[in-house]
Amino acid sequence: MGGKSNRSVERAFTLVDELAENGGGGVSELAERLDMPVSTVHDYLQALITTGYVTKDDKEYQTTTRFLEVGHRQRHRLEVFKAVRDELEDVAVETGEHATLLIEEADQAVILAVQEGPDAVNLFAYPGARMPLHATAPGKAMLAYMPNERVDAIIDRHGLVAVTSRTITDADVLFEQLESVRQQGYAIDEGERIAGMVCIAAPILDKSDQIRGSICVCGPQSRIDETRRDEIADVVKRAANVTQVNLDYV
């Protein structure tokens, strides 16, 4: 594929991202926001309508649920998603909080599945949501089992951006925490991505000790004190271990 074709694909997906992030838009406003010619935006939108990824309502363009279909199919192809089985729901019920399964994809932590316990707060968490690895408990749980060279490369590409005032922005501090994760078998973040929330996550390893994902529980800091953190850590470690065993049979 030539350079011109590459640019066309990049522009089309930039347009899709803009529609998704802002809930839609008209041709002129999209052209202005993206600094593209109106005619170019119009042509891309027509192509996306033809392929079923964008729809038009009056003069407003929006993404369609076709993307949901694509993501759903891909999720069900992933062995770790199949291996979790009922574990995630059990974790949510036992802890009463939000339980999530995440994987690493393109240097980010990506939610694959979400279960809400009876006491779960209303978090904006959904399959497909992406977040920085260094700013989350599941992200750190996965980073801890990557080669140091890979972690260094991720930091070089993306930096250690502060999501909240508590996010780790120093590489040395991050590597110290990753060593602690390997020693204790779980990671924790205290308001590093969402202020006031505590998240505890365990890595999911396969039989070759390769990282495949992470199981995480998140809840308000006021509910997850030191004693409860130990209890939740045991729950997510147990669930990760069961998932590891299940990976041999999917």
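Criteria and thresholds
- Residues numbered from 1 in each chain as written.
- Predicted model: local features only at pLDDT ≥ 70, side-chain atom pairs only at ≥ 80, totals over all residues.
- Heavy atoms only, no water.
- Pairing = 2+ DSSP bridges.
- Helix = DSSP H or I, 4+ residues; strand = E, 2+ residues; numbered from the N terminus.
- Axes fitted to C-alpha atoms, helices over the stretch in contact; angles between N-to-C directions.
- UniProt positions renumbered as here; feature names shortened; annotations may be inferred.

- The protein chain carries the name Transcriptional regulator, IclR family in an unreviewed UniProt entry, which gives Natronorubrum thiooxidans as its organism.

1. Re the sheet that holds strand β8 (residues 211-220)
Turning to step 1, where the next piece is worked out: Sheet architecture is open: six strands sit in the order β5-β4-β3-β8-β7-β6, paired in antiparallel fashion. Across the chains shown, the open sheet's two edge strands, defined by having one partner strand only, are β5 (130-132) and β6 (187-190). In this sheet, adjacent strand axes meet at a mean angle of 30° when their direction is disregarded.
Turning to step 2, where the next piece is worked out: Summarising the sheet, strand β7 (residues 197-205) and β8 pair through nine bridges and their orientation is antiparallel. Residue A201 lies in a different strand from β8, and its bridge partner there is C216.

2. Brief notes about the UniProt feature "domain: HTH iclR-type" (unreviewed entry) in the protein chain
Turning to step 1, where the next piece is worked out: Following the UniProt record, the feature "domain: HTH iclR-type" (unreviewed entry) maps to residues 6-65 here.
Turning to step 2, where the next piece is worked out: The distance separating the terminal C-alpha atoms of residues 6-65 is 25 Å; by composition the span is 63% helix and 13% strand.

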